[in-house]
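Coordinates in review
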Amino acid sequence: MNGYLRQDGRKGIRNIVAVAYLVECAHHVSRQIVSKSNNDNVHLIGFPGCYPNEYALNMMEQLCTHPNVGGVLLVSLGCEGFNRESLQATIAASGRPVETLVIQQQGGTLKTIQAGVSKVQQLLAQAEQTELVPMDVSELIVGTICGGSDGTSGITANPAVGRCFDKLVEANATCIFEETGELIGCEDTMYQRAATPELAKEIEAAMIKAANYYTTMGYGSFAPGNAEGGLTTQEEKSMGAYCKSGDSQIHGLIKPGDVPPQGGLYLLDVVPDGEPRFGFPNISDNAEIVELIASGSHLVLFTTGRGSVVGSAISPVIKICANPETYERMADDMDINAGKIMNGEGDVDSVGQEIYDLVIEVANKAPSKSEAMGHQEFILTYKQFEPIGPGCLPATA
């Protein structure tokens, strides 16, 4: 396969232009710029807050310099607290073309939209000049998440993704699984898989934090739809979610925006640090997809038993359906039918191979189902994270 070569040596599997609003007041104008550009390679992202915290700023920096991004248009109202000059400088330093429009300076909605459409055309033309070079499987970063789980998820789709992850890790690719709140009950087995004793301690601390967070907030990652789908306990759901990680050694623990330094399997801790507080929402599939992308994921494997239609801006989402009945109803949205395992038409190994093969196809520019239908969901809110500790990552090779 081939990838778009970036200045830092990373390679992208897509070459999109991101239109990024820097406050909710600029959201509509930015959305209109994307719509009127009428190009599938123009994606809308943004931060709604009037003033960013360190997390939001870091996320926007990582997203705007993601390997799949070839150019960026920043859209500012003008009076928000976001440091647009700093963000533009970061993007420019990455070698990407970047433009900024300030609505108050531009003269309002219509004038900014008109200028924005023109700027996007220029950015698309510049992005098209990006060099395509050979790209190896070992250069891929693949994330995984589950949403709308049911009683079939843990016996079909999730273990099949685990098989795919094992094949990718064997090829020295980077794989990221999350979320610690959905792994409660699987702590001991994770500690045993940690590459070092120090990493095991860091994972233990992350799990204690997750349990405290959900206890204090009064909810966990177990939704009514999970129960309706046949899951009975948080631990049962956790065991199914844990299967997505496969059997490889856990190489490191990262937080949103941390890009793994080398190939291997990584756990992404998405539960906010500090004391649990309202206003820091955590349970949202698309928010966690965005965090996987901010940590470098070229694409994301999304397992579902109940059914989901979401995709994402920037990186393609591949949907693996766990339940054969759900697949029959929602085949237009599903890339892989893992429910065939229940029907005796396949096994975990064969479906894992099917997922792996599709990862390579999508990385080689084939569109996923959600991508082909124009799904470009995006959510970014406030959170708080402390830097990862020294035991979170082994020494780089």
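These figures come from a predicted structure and were not determined experimentally.

Conventions and cut-offs
- Residues numbered from 1 in each chain as written.
- Predicted model: local features only at pLDDT ≥ 70, side-chain atom pairs only at ≥ 80, totals over all residues.
- Heavy atoms only, no water.
- Helix = DSSP H or I, 4+ residues; strand = E, 2+ residues; numbered from the N terminus.
- Buried < 20%, exposed > 50% of the residue type's maximum accessible area, 1.4 Å probe, protein only.
- Polar contact = N/O pair within 3.5 Å; in protein donor to acceptor, adjacent residues only side chain to side chain.
- Contact = heavy atoms within 4.5 Å.
- Arc of directions from axis to C-beta.
- Pairing = 2+ DSSP bridges.

**Some points on the environment of Leu183**
The residue Leu183 is located in the loop between β9 (174-177) and α7 (187-193) in this model. Since its relative accessible area comes to 1%, Leu183 is described here as buried. Between the C-alpha atom of Leu183 and that of Glu386, which follows or precedes it by 203 residues, the distance is 21 Å.

**Brief notes about the side chain of Glu291**
Of note, Glu291 is situated in helix α11 (residues 285-294). Take Glu291: its relative accessible area is 1%, and that puts it in the buried class. Within the local environment of Glu291, its side chain forms a polar contact with the side chain of Lys383, the two groups lying 3.0 Å apart. If we skip the residues at most four places from it in the chain, Glu291 touches Tyr55, Met59, Pro256, Gly257, Leu268, Val270, Lys383 and Phe385.

**A word on helix α3 (residues 84-93)**
Taken as a whole, α3 has its buried residues at Arg84, Leu87 and Ile91. Along the axis of α3, the buried positions cluster into a sector of 65°, meaning they face one direction only. Projecting away from the buried face of α3 at angles above 90 degrees are the exposed residues Glu85 and Ala93. Contacts made by the buried residues of α3 are with α2 (54-64), β5 (69-76), β6 (98-102) and α4 (103-106). Phi turns positive, to about 90°, at Gly95, one or two residues after α3.

**Digging into the environment of Pro52**
Position of Pro52 relative to the elements: it lies in the loop between β4 (42-46) and α2. The spacing of Pro52 and Ser312 is 260 residues in sequence and 22 Å in space, taken between C-alpha atoms.

**Focus: the sheet that holds strand β1 (residues 2-5)**
Pairing is antiparallel in the open sheet, where 3 strands are placed in the order β2-β1-β7. Looking at strand neighbours, the two that pair on one side only are β2 (11-12) and β7 (132-134), the edges of this open sheet. Sheet analysis places β1 next to β7, joined by 3 bridges and oriented antiparallel. Across the sheet, the residue bridging to Asn2 is Pro134, located in β7.

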